[in-house]
Each structure stands twice: as C-alpha cells, then as structure tokens.
Amino acid sequence: GPLALLARLAAERPAVGRPMTETRHRSPVAKALRGLTIAVWCLCALTLAQILLYVAAYMRPLGFSTEAASTSIGRAAQATPGPIPGEPMRRSSLDEPSPEEMVKEASAILLTQWRRVNGEPREIVTEILKHRPGTTLHYSVGDEYELAGVGFRHEHASSDGNVIFMEGSPAWMRSAYSYHGERVAAFGDMPLRRLRELARSAK
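Quick look at the structure, then. (Residues numbered from 1 in each chain as written. Predicted model: local features only at pLDDT ≥ 70, side-chain atom pairs only at ≥ 80, totals over all residues. Heavy atoms only, no water.)

Another aspect to go through is the pattern of salt bridges. Using the criterion set out here, one finds 5 salt bridges in the structure. Two residues, Arg 122 and Glu 144, come together in a salt bridge whose shortest N-O distance is 3.3 Å. One end of the pair, Arg 122, is in strand S2 (residues 120–131); the other, Glu 144, is in the loop between S2 and helix H3 (150–156), and 22 residues separate them in sequence. On the basis of relative accessible area, Arg 122 is assigned to the partly exposed category, the value being 23%. With relative accessibility at 25%, the residue Glu 144 sits in the partly exposed group. Overlapping salt bridges bring together Glu 127, Glu 182 and Arg 196 as one network. (Salt bridge = Lys/Arg side-chain N within 4 Å of Asp/Glu carboxyl O. Helix = DSSP H or I, 4+ residues; strand = E, 2+ residues; numbered from the N terminus. Buried < 20%, exposed > 50% of the residue type's maximum accessible area, 1.4 Å probe, protein only.)

So this is what it looks like as structure tokens:
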C-alpha cells in the first residue's frame, strides 16, 4: 500500500543522491587533470619551438660559411694573376698544342738572349725565327725585349734566353719558353736548330 511505497522511496533516495555527491567530488579532479594536460601540451610546444630555433641557429652559420667560402674561392680565382709578360711558361702536354702547331699558328717568333748591359741583365732580340707577311712587328734584331720587368730579369737571367711566340697584328706575346744550351726543355729538349727548321717551313 502507501506505506510500502513511501518506504521504498526512502530506501532509494540515498542511491539517487550518491552520484551527485561523487560528481561533485570528481569535478575538481577533472579540472586538475585538464589543467595538467594543458600544461603538458604547452611544455611540448615550447620544447619543440626551442628545438626549431636551435636548428635554425645552427644551420645559418653553415650556410653563411658555405657562401663565404664560395665567394672567397670566386674572388681568389678572379684575383689570380695571369702570366707575367715575357715570363717563360711551363708547358703541359694536356692543354698546350705541339711545338709544330705553335710554330704554325704564330704570326711571329722571336729568339732572345740574356746579356749584361751596364751591369744589368737585358733580354736582347737575337733572331726573328718567323715573321708572317703582313704582320706588324715592333721588334728588330738588337732591340731589347722590354716586357721583362726588373725583378723578372734578375730571376730568369740564369737561362740563355727565351723563345717568344707572338700572334696577331700588331704581334703580341702569347707565350715564352726559356732555353739552355741550345735546347728548349719545355719542348722535350728540342734543339733550336729543329725549331728554326719548323719556323722556316711554316713561313
């Protein structure tokens, strides 16, 4: 009857109120967990940002060093001086034509000899081995080959002289090779008489 119904309701009230109490107790825990989760994510984001900044700061000097190195190399290549006019060159069989080809292509070939004039070494033109017709040549036998500077003269006057290959008109020096004892070492110790024969046949 009615009494039994009231007794049953009274017995069920604590069960109904219990979840509310547990929910109230769980709410601060959930908030704490949520705050801890947010803090962990913020810490992860901060750590990742620091790693990215470190990587960027590390890579930037490397890029600058590479650029600076390439720039320095480029400047060094541009600043590398060319051959000194009149200086005997070391001939490489890989990038130089043969002596026969050089004689054929030259518009003029001078043979010079080192002589002392007033105590100073001077490079004097002793022979004109080749002078292509129509080529303007500003040197004659007995002239001083003036492209050799003072420092160069003192350094290279130990050789007997030079074979100077010229091209164009007016003729200008393309290359020069020293000789010792009537032989040109750069041409495989070719004797000067052979060079004279090549020059005569190429005229």
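Here the narrative resumes.
With that out of the way, let us pick up the packing of aromatic side chains. Under the definition given, this model contains 4 aromatic pairs. When the ring of Tyr 139 is compared with that of Tyr 145, the centres are 5.2 Å apart and the planes differ by 40 degrees; the resulting orientation is tilted. Relative to Phe 187, the ring of Tyr 177 lies with its centre 5.0 Å away and its plane at 50 degrees, an arrangement referred to as tilted. Residue Tyr 177 is found in strand S4 (residues 172–179), and its partner Phe 187 is found in the loop between strand S5 (183–184) and strand S6 (190–191); the two are separated by 10 residues along the sequence. Aromatic rings pair up to connect Phe 165, Tyr 177 and Phe 187 into one cluster. (Phe/Tyr/Trp six-rings, centres within 6.5 Å; stacked < 30°, edge-to-face > 60°.)

This part takes up the environment of Trp 114. Summarising the element assignment, Trp 114 is placed in strand S1 (residues 108–117). The class of Trp 114 is buried, set by a relative accessible area of 10%. A distance of 3.3 Å separates the side chain of Trp 114 from the side chain of Ser 159, its partner in a polar contact. (Polar contact = N/O pair within 3.5 Å; in protein donor to acceptor, adjacent residues only side chain to side chain.)

The subject of this paragraph is the pairing of strand S3 (residues 161–167). The buried fraction of S3 amounts to 6 of the 7 residues, a majority that puts the element mostly inside the structure. Note that S1 and S3 share 4 bridges and pair antiparallel. Along S3, the bridge assignment pairs Leu 111 with Val 163. (Pairing = 2+ DSSP bridges.)

Regular strands show a simple pattern: their side chains alternate between the two faces of the sheet. Of the pairings in the sheet, the one linking S1 to S2 comprises 10 bridges and is antiparallel in character. By the bridge assignment for S2, Thr 112 is matched with Val 125. From the end of S1 to the start of S2, which pair antiparallel, there are 2 residues, and Asn 118 there has a positive phi angle of about 55 degrees.

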